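# Topology and contacts: notes
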Amino acid sequence: MKRTQSDELFARARAVMPGGVNSPVRAFKSVGGTPVFFAGGHGARLTDMDGNQYIDFVGSWGPLIQGYNFQPVVEAIIEQARLATSFGAPCLPELKLVEEVVARIPSIEQVRMVNSGTEATLSAIRLARGFTERDVIVKFAGCFHGHGDSLLAKAGSGVLTLGLPDSPGVPKALAQHTLTVPYNDIEAVNEVFTRMGEQIACVIVEPIAGNMGCILPELGFLEQLRKLTRQHGSLLIFDEVMTGFRVARGGAQELYGIGPDITTFGKIIGAGLPVGAYGGTVKIMSSLAPEGPIYQSGTLSGNPLAMAAGLALLNTLDAEFYQSLNEKTENFVAAVRALATSHGIDLTTNHTCGMFSLFFTQQTTINNFDTVTQCSAEQYRHFFQHMLDRGVYFAPSAFESGFINGCHTAEDLEFTLQAIEEVFRTLK
């Protein structure tokens, strides 16, 4: 499959953008080759600048749960654009979207709209620190919460070691207020709270991790986080930027029956337009300006285009939709596992409604960052490139989730499975 235009465009892009991209994973560094420049999409299919078509399992990294060129969303954007693209002032679309979020999520009484998932998480942490009057936060290795300074820290030699900056430009003094522990390791969390519980403002966690691949919480993990934070007067933040409105009508917290103190959103809440949000109880959210002393603002927050798009998408996501999406995900992943077994491929899969990951490894359980990093990135690289040549677009990283969407047809999935079988033959 020739991608001449992509090659030429990437050469131009590298001259004027760092690495030729506006977000690092797009550069294909971990899978090799040249990034594909896309021209358009419809349903589950993308078309690149050379006219090649691909069945897509990225979906703009999650938000396009009904696919590309989804008409209710397109029509809502066009209708709003005819009225105004921005106000920088209160508008009806933002009120309607916030009311819909509050109606869907029992733990949320008030919402503040922002412009990205990163902005949502860093604002939620500022709110937690201001509300508790504490500085220390707890995060989990492998969980990505955007590029805010407080969150770009990694663990030291032990779980009680204060964080060191994981990126130049992050002050050590700020990173030292971040504790990083292994995902799904409740004993490590217990240790942290025993040692420093009175200093911890919040625990932030992806209730289903998606940025080290799809990693599900083990039985009792989220429940213990809820118990410990309440015991020590800390807040529990669920980062549902990826899982919000994807894995269930009320997100991961509906699946597991756990209400956090603050929830962050992005992706689906704006139907693929730049947007984010965070919400919680009135008691917590009223600490934000103009009602309270904690300041956060944004010129484009509540942008009417994004609000109209998000509301149009949410209105199509009912219980029947999620039941169908879950069945589609289950069947697809089971078929991939069966193919791996029949061809002698060491493969472990994780999945939930609309999300999945394929880990090339002999390990039977992938439940945290350490186990993820022991998987074969080289085999995934081979898999990715050969699937791309067959017209199937997976995430250009071994450590990102794949997405099944409502637009994937039986024919799309059958074509993909046939391509996977062909590629598995080459992996022997």
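Just so it is clear, the model here is predicted, and its values are computed rather than measured. Every chain is numbered on its own, with residues counted from 1 as its sequence reads. Restriction of local features to residues with pLDDT of at least 70 applies here, the model being predicted, together with a cutoff of 80 or more for giving and counting side-chain atom pairs; totals for whole chains, interfaces and linings are based on all residues. Hydrogens and water are ignored here; the side-chain numbers use all heavy atoms of the structure.

All right, on to the pairing of strand β14 (residues 355–360) then. For each residue, the accessible area found with a 1.4 Å probe, counting protein chains only, is set against the maximum for its type, and the residue is called buried under 20%, exposed over 50%, and partly exposed in between. Strands are runs of DSSP state E lasting at least two residues, helices are runs of H or I lasting at least four, and both sets are numbered from the N terminus onward. Within β14, 6 of the 6 residues are buried, leaving the element largely enclosed by the surrounding structure. A pair of strands is labelled paired if DSSP reports no fewer than 2 bridges between them. Across 6 bridges, strand β13 (residues 347–352) lies against β14 in antiparallel orientation. Directly across from Thr348, in β14, lies its bridge partner Phe359. In this structure, the hairpin formed by β13 and β14 is closed by a connection of 2 residues, where Gly354 is found at a positive phi of approximately 85°. Pairing geometry for β14 and strand β16 (residues 402–403), over 2 bridges, is antiparallel. If you follow Met355 over to β16, its bridge partner there is Phe403.

What follows is about the pattern of salt bridges. Each reported salt bridge corresponds to a side-chain nitrogen of Lys or Arg within 4 Å of a carboxyl oxygen of Asp or Glu. All chains considered together, the criterion is met by 7 salt bridges. As a salt-bridge pair, Arg45 and Asp412 come within 2.9 Å of each other at their nearest N and O atoms. With Arg45 in strand β2 (residues 45–48) and Asp412 in helix α14 (residues 410–427), this pair connects stretches of sequence that are 367 residues apart. Owing to a relative accessible area of 33%, Arg45 belongs among the partly exposed residues under this scheme. One salt bridge connects Arg249 with Glu100, and the closest N-O pair in it is separated by 4.0 Å. Of this pair, Arg249 sits in the loop between β10 (235–239) and α8 (252–256) while Glu100 is found in helix α3 (residues 92–104), placing the two residues 149 residues apart along the sequence. Judged by relative accessible area, Arg249 falls into the partly exposed class, the value being 33%. By sharing partners, the salt bridges in this structure join Glu100, Arg104 and Arg249 into a single network.

Next up on the list: the side chain of His351. With respect to the helices, strands and loops of the structure, His351 is situated in strand β13. Classification of His351 as buried rests on a relative accessible area of 18%. With residues near it in sequence (within four places) discarded, His351 still touches Cys214, Leu216, Thr329, Glu330, Val333, Arg337 and Phe356. Whether two residues touch is decided by their heavy atoms; if any such pair falls within 4.5 Å, the residues are in contact.

A few words now on the packing of helix α6 (residues 186–196) against helix α7 (residues 221–232). In contact at an axis separation of 10 Å, α6 and α7 are set at 5° when each is read in the N-to-C sense. Comparing their axes, α7 and α6 come out roughly parallel. Mapping the contact onto sequence places Ile186, Val189, Asn190 and Phe193 in α6 and Phe221, Gln224, Leu225, Leu228, Thr229 and His232 in α7. Under the grouping applied here, Gly and all other residues not named as nonpolar or charged are polar, the nonpolar ones being Ala, Val, Leu, Ile, Met, Phe, Trp, Tyr, Cys and Pro and the charged ones Asp, Glu, Lys and Arg. Of the residues contributing to the contact of α6 with α7, the split by class is 6 nonpolar, 4 polar and no charged. A fitted line through C-alpha atoms serves as each axis, taken over the contacting stretch for helices, and the angle formed by two N-to-C directions is quoted from 0 to 180°. Relative orientations are named as follows: roughly parallel for angles under 35 degrees, roughly antiparallel for angles over 145 degrees, roughly perpendicular for angles from 65 to 115 degrees, and oblique for any other angle.

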